[in-house]
Amino acid sequence: LAIAVGMWVNMGGREKNMVIAQRVQPGSGRAVLELHDGRTYFLDTTRVVETGIEGNLAKAEKQSLVYTKREAEELVYNKVIVPRAGEYSLTLSDGTRIWLNSDSEIRYPVAFGKERRTVFLSGEAYFEVAADSARAFVVEVGDMEVEVYGTSFDVTTFYEGEVRTVLVEGSVGVREPGSGKVCRIVPGQMAVYDREDRSIAVKETDVTLYTAWKEGLFRFEEVRLEDIMETLSRWYDVDVFFDDDALRHTLFTGDLKRYDNIGVHLRMLEMTTNVAFEVKGNAVFVGYRK
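Residues numbered from 1 in each chain as written. Predicted model: local features only at pLDDT ≥ 70, side-chain atom pairs only at ≥ 80, totals over all residues. Heavy atoms only, no water.

Most often, soluble globular proteins have nonpolar side chains that are buried together. Core analysis: the biggest nonpolar cluster contains 42 residues, and Leu65, Val80, Tyr108, Phe127 and Phe153 have the highest contact counts within it. If sequence neighbours within four positions are ignored, Leu65 has contacts with Leu33, Ala58, Lys59, Ala60, Val80, Tyr88, Ser89, Leu90, Thr91 and Tyr108. Core analysis: the next-biggest nonpolar cluster, separate from the first, contains 24 residues, Phe218, Val240, Ile262 and Val286 among them. (Core = buried A, V, L, I, M, F, W, Y, C linked by side-chain atoms within 4.5 Å. Buried < 20%, exposed > 50% of the residue type's maximum accessible area, 1.4 Å probe, protein only. Contact = heavy atoms within 4.5 Å.)

Structure (structure tokens):
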């Protein structure tokens, strides 16, 4: 994301601005599948990919990559990479379902072994973990771990200096890398891991603020404009420039439909805040409303 203090650009009025904004379209289902041997497949809604991988069949169709159920003696890792302006989902060999947000990637075994089930995440993903009392499911995010046995939760690294784990169903434990202490949370709670001091804080939260993206919504509650524009920049693959640093701290509460074009969102933000937007190509300039 490129966010900077920039010069205000006059593009000839609101009407011209919004016509240009119509060209900035929302993201779509697309990803890159990177196999352990270096081969890559580009996945989107127009392609069906069937490939034998270490005796296992993986099929990609309709924005989802699905592995058949099996166990493995030796772990072989693949990676799914979702670019900006993309989203994708996959079902792992144990039946766990994962939804990946834009600008995210996950590394995972083609088939799990008999020990714990571990995947490695960067970005944001929503998990529905297949229950297995004998094998914990672990999400590693840098030096932090989230451990579960069967539950639904969201993990995101999109907040600067933090990893946020929000629990929808079940129970998870978030492990501090320094002390090894495990903080357990229940539905409706969020564990916030501070990457600088390597500590975890548990808070009550409205989980829909963190999971609505999977249902086609952006949901904000007293959120800074800078954070909102970071979210939109990943989904629409645009760069954002602020005319004044003070504008970054403008607060907004409301829902935006994820699949609307960006012009609809900018109009909504203009109606409820003191800001105005200009769009030029894939750049959005934020200034004061006159």
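After presenting the structure, the write-up continues.
Relative to the 16 Å expected for twelve residues at 1.5 Å per residue, helix α3 (residues 225–236) spans 16 Å between its end C-alpha atoms, a close match to the ideal helical length. Summarising burial for α3: ten of the twelve residues are buried, a large majority. Residues of α3 that are buried include every one of Leu225, Glu226, Ile228, Met229, Thr231, Leu232, Ser233, Arg234, Trp235 and Tyr236, and no others. Positive phi shows up at Asp237, right after α3, with a value of about 55°. (Helix = DSSP H or I, 4+ residues; strand = E, 2+ residues; numbered from the N terminus. Expected span 1.5 Å × (residues − 1).)

Attention now moves to the packing of aromatic side chains. Within the structure shown, the criterion is met by eleven aromatic pairs. Residues Phe220 and Phe252 carry aromatic rings whose centres are separated by 6.3 Å and whose planes lie at 65° to one another, so their mutual orientation is edge-to-face. Taken together, the residues Phe220 in strand β21 (residues 217–224) and Phe252 in strand β23 (residues 251–257) connect sequence positions 32 residues apart. By relative accessible area, which is 4% here, Phe252 ends up buried. In textbook terms, an aromatic cluster arises when at least three aromatic residues are bridged by ring pairs, as seen for Phe112, Phe127, Phe137 and Phe153. The cationic tip of Lys214 hangs over the ring face of Tyr126; the distance from NZ or CZ to the ring centre is 4.7 Å. Positioned above the aromatic ring of Phe158, the side-chain terminus of Arg234 is 3.6 Å from the ring centre. (Phe/Tyr/Trp six-rings, centres within 6.5 Å; stacked < 30°, edge-to-face > 60°. Lys NZ or Arg CZ within 6 Å of the ring centre and 35° of its normal.)

Turning next to unusual backbone geometry. For Asp103, which is not a glycine, the phi torsion comes out positive at approximately 60°. Checked against the element boundaries, Asp103 lands in the loop between β9 (97–100) and β10 (104–109). The class for Asp103 is partly exposed, based on a relative accessible area of 37%.

What follows is about the confidence of the model for the chain. Per-chain confidence: the chain averages 87 in pLDDT, with 88% of residues scoring 70 or above. Taken as a whole, residues 1–21 scores under 50 in pLDDT and shows 54 contacts with residues more than four places along the chain or in a different chain. (pLDDT = per-residue confidence, 0-100.)

So, on to the pairing of strand β2 (residues 28–34). Two elements, β2 and strand β8 (residues 86–91), share two bridges in a ladder whose sense is parallel. Across the sheet, the residue bridging to Gly29 is Glu87, located in β8. As judged from the five bridges shared by β2 and strand β3 (residues 40–44), these two strands associate in the antiparallel manner. Looking at β3, one finds that Arg30 is bridged to Asp44. From the end of β2 to the start of β3, which pair antiparallel, there are five residues, and Gly38 there has a positive phi angle of about 95°. Direction of pairing for β2 relative to strand β7 (residues 77–82): antiparallel, over a ladder of three bridges. Pairing of Glu34 across the sheet is with Lys79, part of β7. (Pairing = 2+ DSSP bridges.)

Another aspect to go through is the packing of α3 against helix α4 (residues 262–272). Where α3 contacts α4, the two axes come as close as 12 Å, and the packing angle between them is 170°. Viewed along their axes, α3 and α4 adopt a mutual orientation that is roughly antiparallel. Contacts from Leu225, Ile228, Met229, Leu232 and Tyr236 in α3 reach Ile262, His265, Leu266 and Leu269 in α4. Of the residues assigned to the contact of α3 with α4, the class counts are eight nonpolar, one polar and no charged. (Axes fitted to C-alpha atoms, helices over the stretch in contact; angles between N-to-C directions. Parallel < 35°, antiparallel > 145°, perpendicular 65-115°, else oblique. Nonpolar A, V, L, I, M, F, W, Y, C, P; charged D, E, K, R; others polar.)

With that settled, the discussion passes to the pattern of salt bridges. Scanning the model with the defined rule gives 19 salt bridges in all. With its nearest N and O atoms 2.9 Å apart, the salt bridge here joins Asp255 to Arg219. Of this pair, Asp255 sits in strand β23 while Arg219 sits in strand β21; the two residues are 36 residues apart in sequence, bridging distant segments of the chain. Each member of the salt-bridge network shares a partner with another, and the members are Arg116, Glu140, Glu145, Glu147 and Arg175. (Salt bridge = Lys/Arg side-chain N within 4 Å of Asp/Glu carboxyl O.)

Further remarks concern the pairing of β23. Here β23 shows a buried face lined by Phe252, Gly254 and Leu256 and an unburied face lined by Leu251, Thr253, Asp255 and Lys257. In this structure, β21 lies alongside β23, joined through six bridges in antiparallel fashion. When the bridges of β23 are listed, Leu217 appears paired with Lys257.

Let's shift gears to α4. Those residues of α4 not exposed but buried are Ile262, Gly263, His265, Leu266, Leu269 and Glu270. Along the axis of α4, the buried positions cluster into a sector of 160°, meaning they face one direction only. Measuring from the backbone nitrogen of Gly263 back to the side-chain oxygen at the start of α4 gives 3.0 Å, which picks out Asn261 as the cap. (Arc of directions from axis to C-beta. Polar contact = N/O pair within 3.5 Å; in protein donor to acceptor, adjacent residues only side chain to side chain.)

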